[in-house]
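Notes for the structure review
Below are the chains, spelled out letter by letter.
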Amino acid sequence: MTIKLHCFGESGNAYKAALTMTLAGVEWEPVFVDFFNGATRTPAFRALNVMGEVPVMVDGDLVITQSAVIQDYITSKTSKLGGKSADQRREVLRWMFFDNHKVSGMAGPLRFNTNFLPEDKRNAAVNDFMLMRLKSALKVMETHLDGRNWLATDELTIADIACCGYLFYTEPFGFDRAEFPNVDAWLDRIAATPGWKHPYDLMQRGLPAA
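Heads up: these notes are all about the structure in this document. (Residues numbered from 1 in each chain as written. Predicted model: local features only at pLDDT ≥ 70, side-chain atom pairs only at ≥ 80, totals over all residues. Heavy atoms only, no water.)

1. Describing the pairing of strand E3 (residues 56–59)
Regular strands place side chains that alternate from one sheet face to the opposite one. In E3, alternate side chains face the same way, and those of Val56 and Val58 on one face and Met57 and Asp59 on the other are all buried. Sheet topology note: the strand E1 (residues 3–7)/E3 ladder contains 3 bridges and is antiparallel. Each residue of the ladder has a partner; that of His6, found in E3, is Val56. Sheet topology note: the E3/strand E4 (residues 62–65) ladder contains 4 bridges and is antiparallel. Following the sheet pairing, Val56 is matched in E4 by Thr65. Taking the residues that link successive antiparallel strands as the turn, the E3-E4 hairpin has 2 residues, and the phi of Gly60 there is positive, at about 65°. (Buried < 20%, exposed > 50% of the residue type's maximum accessible area, 1.4 Å probe, protein only. Helix = DSSP H or I, 4+ residues; strand = E, 2+ residues; numbered from the N terminus. Pairing = 2+ DSSP bridges.)

2. Some details on helix H4 (residues 86–115)
When the terminal C-alpha atoms of H4 are compared, their 40 Å separation across 30 residues agrees well with the 44 Å that a helix rising 1.5 Å per residue should span. A bend of about 50° at Asp99 is the largest found in H4. (Expected span 1.5 Å × (residues − 1). Bend = angle between axes of the 7 residues up to and from the residue.)

3. So, the nonpolar core
Core analysis: the biggest nonpolar cluster contains 64 residues, and Leu5, Ile74, Met141, Val183 and Trp186 have the highest contact counts within it. Take this core: its biggest share by element is 8 residues, from H4. Dropping the residues within four chain positions of it, Leu5 is found in contact with Ala14, Ala17, Ala18, Met21, Trp28, Glu29, Pro30, Val31, Pro55, Val56, Met57 and Ile70. (Core = buried A, V, L, I, M, F, W, Y, C linked by side-chain atoms within 4.5 Å. Contact = heavy atoms within 4.5 Å.)

4. What to know about the packing of H4 against helix H5 (residues 124–144)
With their axes 9 Å apart at the nearest point, H4 and H5 run at an angle of 140° to one another. On the basis of the axis angle, H4 is oblique to H5. The chirality of how H4 crosses H5 is left-handed. In this structure, H4 contributes Trp95, Phe98, His101, Lys102, Val103, Met106, Ala107, Pro109, Leu110, Asn113 and Thr114 to the contact, and H5 contributes Asn127, Met130, Leu131, Arg133, Leu134, Ala137, Val140, Met141 and His144. Residue composition of the contact of H4 with H5, by class: 13 nonpolar, 5 polar and 2 charged. (Axes fitted to C-alpha atoms, helices over the stretch in contact; angles between N-to-C directions. Parallel < 35°, antiparallel > 145°, perpendicular 65-115°, else oblique. Left-handed = near helix turned anticlockwise from the far one by under 90°. Nonpolar A, V, L, I, M, F, W, Y, C, P; charged D, E, K, R; others polar.)

5. Some thoughts on H5
Side chains that are three or four residues apart share a direction in an α-helix, a result of its 3.6 residues per turn. With 21 residues, H5 should reach 30 Å at 1.5 Å per residue; the first-to-last C-alpha distance of 30 Å fits that figure. Looking only at H5, the buried set comprises Asn127, Met130, Leu134, Ala137, Leu138, Met141, Glu142 and His144. Viewed end-on, H5 has its buried residues packed into an arc of 150°, placing them on one side of the element. Facing away from the buried surface of H5 by more than 90 degrees, the exposed residues are Ala125, Asp128, Lys139 and Thr143. For H5, the elements touching its buried residues are H4, helix H6 (158–163) and helix H7 (181–191). (Arc of directions from axis to C-beta.)

6. Observations regarding the environment of Asp188
Structurally, the position occupied by Asp188 is in helix H7. Taking the relative accessible area as the measure of exposure, Asp188 reaches 44% and is therefore partly exposed. Put simply, Asp188 and Phe168 are 20 residues apart on the chain and 9.9 Å apart in space, counted from C-alpha to C-alpha. A polar side-chain atom of Asp188 sits 2.8 Å from a polar atom in the side chain of Arg177. (Polar contact = N/O pair within 3.5 Å; in protein donor to acceptor, adjacent residues only side chain to side chain.)

Function-wise, these values are silent; they only describe arrangement.
In C-alpha coordinates:
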(Lines give C-alpha, C1' and ligand atoms only; values in the text may rest on other atoms or scores of the structure.)
Protein backbone atom coordinates (compact mmCIF):
# COMPACT_ATOMS: atom_id res chain seq x y z
CA MET A 1 0.00 0.00 0.00
CA THR A 2 1.35 3.42 -0.96
CA ILE A 3 2.06 5.75 1.94
CA LYS A 4 0.45 9.18 1.67
CA LEU A 5 2.20 12.28 2.93
CA HIS A 6 0.12 15.40 3.52
CA CYS A 7 2.57 18.17 2.70
CA PHE A 8 3.46 21.23 0.64
CA GLY A 9 6.73 22.22 -0.97
CA GLU A 10 7.61 25.20 1.19
CA SER A 11 7.64 23.12 4.38
CA GLY A 12 11.13 22.06 5.39
CA ASN A 13 9.68 19.71 7.97
CA ALA A 14 7.58 17.98 5.32
CA TYR A 15 10.72 17.79 3.18
CA LYS A 16 12.48 15.79 5.90
CA ALA A 17 9.74 13.16 5.79
CA ALA A 18 9.50 13.17 1.99
CA LEU A 19 13.25 12.88 1.48
CA THR A 20 13.56 10.14 4.10
CA MET A 21 10.93 8.03 2.35
CA THR A 22 12.48 8.71 -1.05
CA LEU A 23 16.03 7.76 -0.03
CA ALA A 24 14.78 4.74 1.92
CA GLY A 25 13.07 3.48 -1.24
CA VAL A 26 9.56 3.61 0.21
CA GLU A 27 6.59 3.90 -2.14
CA TRP A 28 4.77 7.11 -1.27
CA GLU A 29 2.77 9.91 -2.81
CA PRO A 30 2.25 13.54 -1.77
CA VAL A 31 -1.16 14.90 -0.83
CA PHE A 32 -1.04 18.66 -1.34
CA VAL A 33 -2.08 20.79 1.65
CA ASP A 34 -2.97 24.37 0.65
CA PHE A 35 -1.36 25.89 3.73
CA PHE A 36 -1.28 29.46 2.46
CA ASN A 37 -5.05 29.43 1.95
CA GLY A 38 -5.78 28.08 5.40
CA ALA A 39 -6.07 24.34 4.76
CA THR A 40 -4.39 23.38 8.05
CA ARG A 41 -6.96 25.40 10.01
CA THR A 42 -9.98 23.51 8.67
CA PRO A 43 -11.92 21.08 10.88
CA ALA A 44 -11.13 18.26 8.46
CA PHE A 45 -7.38 18.77 8.73
CA ARG A 46 -7.50 19.29 12.49
CA ALA A 47 -9.33 15.95 12.75
CA LEU A 48 -6.34 14.42 10.95
CA ASN A 49 -3.78 16.31 13.05
CA VAL A 50 -4.94 18.27 16.06
CA MET A 51 -1.66 20.23 15.92
CA GLY A 52 -2.68 21.74 12.58
CA GLU A 53 0.70 21.10 10.96
CA VAL A 54 2.32 19.20 8.14
CA PRO A 55 3.70 16.67 7.59
CA VAL A 56 1.08 14.04 8.25
CA MET A 57 1.89 10.50 7.12
CA VAL A 58 -0.87 7.98 6.50
CA ASP A 59 0.19 4.35 6.11
CA GLY A 60 -2.99 2.29 5.89
CA ASP A 61 -4.81 2.87 9.19
CA LEU A 62 -1.74 4.40 10.82
CA VAL A 63 -1.49 8.20 11.04
CA ILE A 64 1.77 9.76 12.23
CA THR A 65 2.58 13.44 12.64
CA GLN A 66 5.81 15.34 13.38
CA SER A 67 8.68 14.89 10.95
CA ALA A 68 11.11 13.23 13.36
CA VAL A 69 8.54 10.60 14.34
CA ILE A 70 7.80 9.91 10.68
CA GLN A 71 11.52 9.59 9.99
CA ASP A 72 11.93 7.18 12.89
CA TYR A 73 8.97 5.13 11.64
CA ILE A 74 10.52 4.83 8.18
CA THR A 75 13.86 3.67 9.61
CA SER A 76 12.02 1.05 11.67
CA LYS A 77 9.99 -0.06 8.65
CA THR A 78 12.95 -0.31 6.27
CA SER A 79 16.02 -0.79 8.51
CA LYS A 80 17.62 2.05 6.52
CA LEU A 81 19.05 5.46 7.46
CA GLY A 82 18.71 4.96 11.22
CA GLY A 83 22.14 3.72 12.30
CA LYS A 84 23.34 0.15 12.72
CA SER A 85 23.65 -0.15 16.50
CA ALA A 86 22.13 1.21 19.67
CA ASP A 87 25.05 3.60 20.05
CA GLN A 88 24.60 4.89 16.51
CA ARG A 89 20.86 5.29 17.02
CA ARG A 90 21.49 7.43 20.09
CA GLU A 91 23.91 9.58 18.10
CA VAL A 92 21.30 9.93 15.34
CA LEU A 93 18.73 11.01 17.91
CA ARG A 94 21.18 13.48 19.47
CA TRP A 95 21.53 15.35 16.17
CA MET A 96 17.82 15.16 15.43
CA PHE A 97 17.02 16.77 18.77
CA PHE A 98 19.73 19.36 18.10
CA ASP A 99 18.09 20.09 14.75
CA ASN A 100 14.64 20.41 16.23
CA HIS A 101 15.72 22.98 18.80
CA LYS A 102 18.69 24.76 17.23
CA VAL A 103 18.62 24.39 13.43
CA SER A 104 15.12 23.88 12.00
CA GLY A 105 13.70 25.44 15.14
CA MET A 106 15.36 28.69 14.08
CA ALA A 107 15.60 28.35 10.28
CA GLY A 108 11.93 27.46 9.82
CA PRO A 109 10.32 30.48 11.48
CA LEU A 110 13.11 32.77 10.26
CA ARG A 111 12.57 31.77 6.63
CA PHE A 112 8.81 32.09 7.04
CA ASN A 113 9.06 35.50 8.68
CA THR A 114 11.43 36.92 6.08
CA ASN A 115 9.74 35.51 2.98
CA PHE A 116 6.10 34.59 3.56
CA LEU A 117 4.88 36.82 6.39
CA PRO A 118 3.45 40.19 5.26
CA GLU A 119 6.16 42.83 5.51
CA ASP A 120 4.22 44.94 8.00
CA LYS A 121 4.20 41.98 10.42
CA ARG A 122 7.92 41.22 10.27
CA ASN A 123 9.87 42.01 13.41
CA ALA A 124 13.51 42.78 12.62
CA ALA A 125 14.68 42.28 16.20
CA VAL A 126 13.07 38.84 16.42
CA ASN A 127 14.50 37.83 13.07
CA ASP A 128 17.97 39.05 14.03
CA PHE A 129 17.81 36.97 17.21
CA MET A 130 16.76 33.82 15.33
CA LEU A 131 19.51 34.34 12.74
CA MET A 132 22.08 34.68 15.51
CA ARG A 133 20.87 31.44 17.08
CA LEU A 134 20.83 29.68 13.71
CA LYS A 135 24.37 30.74 12.86
CA SER A 136 25.54 29.56 16.27
CA ALA A 137 24.06 26.13 15.54
CA LEU A 138 25.59 26.06 12.08
CA LYS A 139 29.00 26.83 13.62
CA VAL A 140 28.58 23.74 15.79
CA MET A 141 27.83 21.67 12.69
CA GLU A 142 30.74 23.29 10.83
CA THR A 143 33.12 22.25 13.59
CA HIS A 144 31.68 18.74 13.89
CA LEU A 145 31.86 18.14 10.12
CA ASP A 146 35.55 18.98 9.95
CA GLY A 147 37.07 15.72 8.72
CA ARG A 148 33.70 13.95 8.70
CA ASN A 149 31.28 13.19 5.85
CA TRP A 150 28.13 12.79 7.95
CA LEU A 151 26.80 14.05 11.26
CA ALA A 152 26.00 10.93 13.24
CA THR A 153 27.68 7.88 11.69
CA ASP A 154 29.95 7.00 8.77
CA GLU A 155 27.02 7.10 6.35
CA LEU A 156 23.94 9.17 5.62
CA THR A 157 21.21 8.91 8.27
CA ILE A 158 17.99 10.65 9.16
CA ALA A 159 20.08 12.96 11.34
CA ASP A 160 21.58 14.46 8.19
CA ILE A 161 18.18 14.61 6.51
CA ALA A 162 16.70 16.37 9.54
CA CYS A 163 19.46 18.95 9.82
CA CYS A 164 19.43 19.76 6.10
CA GLY A 165 15.65 20.15 5.95
CA TYR A 166 15.64 23.93 5.55
CA LEU A 167 19.12 24.44 4.12
CA PHE A 168 18.40 23.58 0.49
CA TYR A 169 15.81 26.34 0.06
CA THR A 170 16.94 29.34 -1.96
CA GLU A 171 14.61 31.96 -0.42
CA PRO A 172 16.91 34.34 1.47
CA PHE A 173 16.84 34.02 5.25
CA GLY A 174 20.41 34.88 6.23
CA PHE A 175 22.01 31.49 5.57
CA ASP A 176 24.96 31.70 3.18
CA ARG A 177 26.56 28.36 2.41
CA ALA A 178 29.85 30.09 1.61
CA GLU A 179 30.20 31.05 5.29
CA PHE A 180 30.23 27.38 6.29
CA PRO A 181 32.45 25.38 3.90
CA ASN A 182 32.12 22.08 5.77
CA VAL A 183 28.34 22.43 5.86
CA ASP A 184 28.41 23.39 2.18
CA ALA A 185 30.38 20.25 1.27
CA TRP A 186 28.04 18.13 3.43
CA LEU A 187 25.02 19.53 1.58
CA ASP A 188 26.71 18.68 -1.71
CA ARG A 189 27.20 15.09 -0.50
CA ILE A 190 23.53 14.83 0.42
CA ALA A 191 22.50 16.23 -2.97
CA ALA A 192 24.78 13.70 -4.70
CA THR A 193 23.00 10.78 -3.00
CA PRO A 194 21.15 8.67 -5.60
CA GLY A 195 17.46 9.58 -5.54
CA TRP A 196 17.93 13.00 -3.90
CA LYS A 197 15.53 15.70 -5.04
CA HIS A 198 14.99 19.34 -4.11
CA PRO A 199 11.89 19.96 -1.97
CA TYR A 200 10.09 21.68 -4.84
CA ASP A 201 10.66 18.61 -6.99
CA LEU A 202 9.31 16.24 -4.33
CA MET A 203 6.25 18.27 -3.28
CA GLN A 204 3.88 20.79 -4.83
CA ARG A 205 4.53 24.42 -4.05
CA GLY A 206 1.82 26.39 -2.30
CA LEU A 207 2.95 29.70 -3.79
CA PRO A 208 4.09 30.52 -7.35
CA ALA A 209 7.83 30.66 -7.90
CA ALA A 210 9.27 34.13 -7.38
